[in-house]
Amino acid sequence: MTTTTAEPTATALTLLSEEEQMFQQTVRDFAVEKIRPLVHQMDHDAKMPRELIDSFFDLGIMGIEVPEQWGGAGASFFTAALIVEELSHVDASCGVLVDVQNTLVNNALLRWGNEDQKSKYLSMLAKDTVGAYALSEAGSGSDAFALACRAEDKGDHWVLNGQKLWITNAFEAGVFIVFANANLDAGYKGITAFLIERDFPGFTVGKKEDKLGIRASSTCELILEDCRVPKENVLGEPGKGYKIAIETLNEGRIGIGAQMIGVARGALEHAISYVKERKQFGTRISEFQGVQFQIADAATELEAARLMVYNAARLKDAKQPFLREAAMAKLFSSNACEKITSLAVQLFGGNGYTKEYPVEKYWRDSKVGQIYEGTSNMQLATIAKTILTDRL
Ligand SMILES: Cc1cc2nc3c(=O)[nH]c(=O)nc-3n(C[C@H](O)[C@H](O)[C@H](O)COP(=O)(O)OP(=O)(O)OC[C@H]3O[C@@H](n4cnc5c(N)ncnc54)[C@H](O)[C@@H]3O)c2cc1C
């Protein structure tokens, strides 16, 4: 595994600084008090109330790493992961909305935006504007660089044509990072990232998906029909979009790992409360060693997943290599989450199979962790590549 000569940021991965503890506690309380009462209805309606999203802005969690000069909290990437975990332990849809905003959209702007772009867009994103990140298309998912969306240089502006699919936050978003190919002859080196505002001419948000899980998180199609984009709205340089896409997603998947440990923890907490109440054979089912061992096993997997996610996030903050660690963290935590949430349904027995109880939703919400921001097979490909070409 990675060895590093950098000064450690903490003596143990789970030891939190005062600031980290403060964010963790504040968001935990907020999630339990303000989000939990809405979860069932949001899942049923497949919609998140705008007032709830506004309260994320008020709480300061839509611009976690954004410097204070642009209205953000000026905190670390690790803090963003902690916040996503806390939200997701109550509701994975809230977790992913905040995750995409911070680990993809703000992150890409912070890293690749010029001063004007940062000043304009980060100020909006920290204050009241939801962001979305649009790479995938109907014909290009795992093979992301096969995207068919085209950009044409018209001198003083660009014109974009094509469609995007599966775009998280699109229903609510005011700003979109959209990837299109500006030079087909150059292959993936023609891919360029554009900053698109919702009201740019030729830009439409299309159909919203009716999903298995994270139902309150919007996932929509985008349609670009002769969409006119100002020259200055290229993020980074033309032709460097592939690098922005890949490097942002390398970081973003740590956030998905955080979402998965949050979901797993939420389900396990419910299961633990339930087994301490439910009686069969004249005793609480938590008294059965068979049940205790299942819970102990799940808690151990959750702890392993948490350590992997925290380590990847801390490596990123320490500016150390983290590609493989992030891929492993997402792979492991999403698999652990699917298993732990399934166990939670199991421990609730028949009740777990109904919408009267909270655990079936956790199970449904878990599945997407193995799909978005690179499927499990794509994580395995990244891990294998780094092991076979680099080091163990
Ligand atoms: C709820 C949701 C939200 C999303 N949000 C966003 C978003 O905000 N922005 C965005 O750009 N995209 C988003 N996506 C898209 C997501 O990133 C893609 O769905 C994902 O990358 C997989 O692509 P695909 O669906 O085309 O599956 P495919 O690429 O068609 O994969 C199908 C199966 O084939 C396997 N496979 C494919 N290629 C290989 C290979 N080379 N080796 C082994 N196995 C392989 C995959 O692992 C998978 O099991 C979202 C998706 C969902 C479901």
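About the criteria used
Residues numbered from 1 in each chain as written. Predicted model: local features only at pLDDT ≥ 70, side-chain atom pairs only at ≥ 80, totals over all residues. Heavy atoms only, no water. Near = heavy atom within 4 Å. Polar contact = N/O pair within 3.5 Å; in protein donor to acceptor, adjacent residues only side chain to side chain. Areas by Shrake-Rupley, 256 points an atom, 1.4 Å probe, with all protein chains shown as cover. Helix = DSSP H or I, 4+ residues; strand = E, 2+ residues; numbered from the N terminus. Salt bridge = Lys/Arg side-chain N within 4 Å of Asp/Glu carboxyl O. Buried < 20%, exposed > 50% of the residue type's maximum accessible area, 1.4 Å probe, protein only. Phe/Tyr/Trp six-rings, centres within 6.5 Å; stacked < 30°, edge-to-face > 60°. Lys NZ or Arg CZ within 6 Å of the ring centre and 35° of its normal. Contact = heavy atoms within 4.5 Å. Pairing = 2+ DSSP bridges.

Asks: Kindly report on the site of the ligand, identifying the contributing residues and their values.
Replies: Taken together, 19 residues are adjacent to the ligand, and Ser136, Ser142, Trp166, Thr168 and Thr375 come closest. Separating an oxygen atom of the ligand from a side-chain N or O atom of Ser142 is a distance of 2.6 Å. Relative to its unbound accessible area of 980 Å², the ligand is 62% covered by the protein chains. Of all elements in the fold, only strand 1 (131-134), strand 3 (157-168) and helix 11 (376-389) reach the threshold of two or more residues within the shell around the ligand.

Asks: Quick rundown of the pattern of salt bridges? Include the residues and the values.
Replies: Summed over the entire model, instances satisfying the criterion amount to 28 salt bridges. The partner of Asp43 in a salt bridge is Arg364, and the shortest N-O contact between them spans 2.7 Å. Taken together, the residues Asp43 in helix 2 (residues 39-45) and Arg364 in helix 10 (residues 359-366) connect sequence positions 321 residues apart. Assigned by exposure class, Asp43 and Arg364 land together as buried. A salt bridge links Lys231 to Asp153, with the nearest nitrogen and oxygen atoms 2.4 Å apart. On the criterion of sequence distance, the pair formed by Lys231 in the loop between strand 7 (219-230) and strand 8 (234-235) and Asp153 in strand 2 (residues 150-153) is long-range, its members being 78 residues apart. Lys231 sits in the partly exposed class, given a relative accessible area of 30%. Look at the salt bridges and you will find they share partners, linking Arg28, Glu85, Glu86, Arg265, Glu269, Glu303 and Arg306 into a network.

Asks: Outline the packing of aromatic side chains, supporting the account with residue identities and numerical values.
Replies: When we look at a pair of aromatic rings, we describe it by the centre distance and by the angle of the planes. Scanning all chains against the criterion turns up twelve aromatic pairs. With a centroid separation of 6.1 Å and 65 degrees between ring planes, the pair formed by Phe30 and Phe56 is classed as edge-to-face. Pair noted here: Phe30 is in helix 1 (residues 18-35) and Phe56 is in helix 3 (residues 50-59), with a separation of 26 residues, a long-range link. Just as Phe30 is buried, Phe56 falls in that class too. An angle of 80 degrees between the planes, with centres 6.3 Å apart, marks the rings of Tyr274 and Tyr357 as edge-to-face. Of this pair, Tyr274 sits in helix 7 (residues 241-277) while Tyr357 sits in the loop between helix 9 (323-347) and helix 10; the two residues are 83 residues apart in sequence, bridging distant segments of the chain. Here Tyr274 falls in the buried class, since its relative accessible area comes to 13%. You can call Tyr357 partly exposed: its relative accessible area is 31%. Feature note: the residues Phe145, Tyr188 and Tyr242 constitute an aromatic cluster, connected by ring pairs. Stacked on the ring of Trp158, the Lys or Arg Lys231 has its end atom at 4.9 Å from the ring centre.

Asks: I'd like a description of the environment of Phe348, backed by residues and values.
Replies: Note that Phe348 resides in the loop between helix 9 and helix 10. Classification of Phe348 as buried rests on a relative accessible area of 4%. Considered as a pair, Phe348 and Leu323 are 25 residues apart in the sequence and their alpha carbons are 38 Å apart. Dropping the residues within four chain positions of it, Phe348 is found in contact with His270, Ala271, Tyr274, Tyr357, Pro358 and Val359.

Asks: So what's going on with the pairing of strand 2? Residues and values would help.
Replies: Sheet topology places strand 2 next to strand 3; four bridges connect them, and they run antiparallel. In the strand pairing of strand 3, Glu152 is matched with Val159. Here strand 2 folds back onto strand 3, and the loop between the two strands holds three residues, one of which, Gly155, carries a positive phi near 90 degrees.

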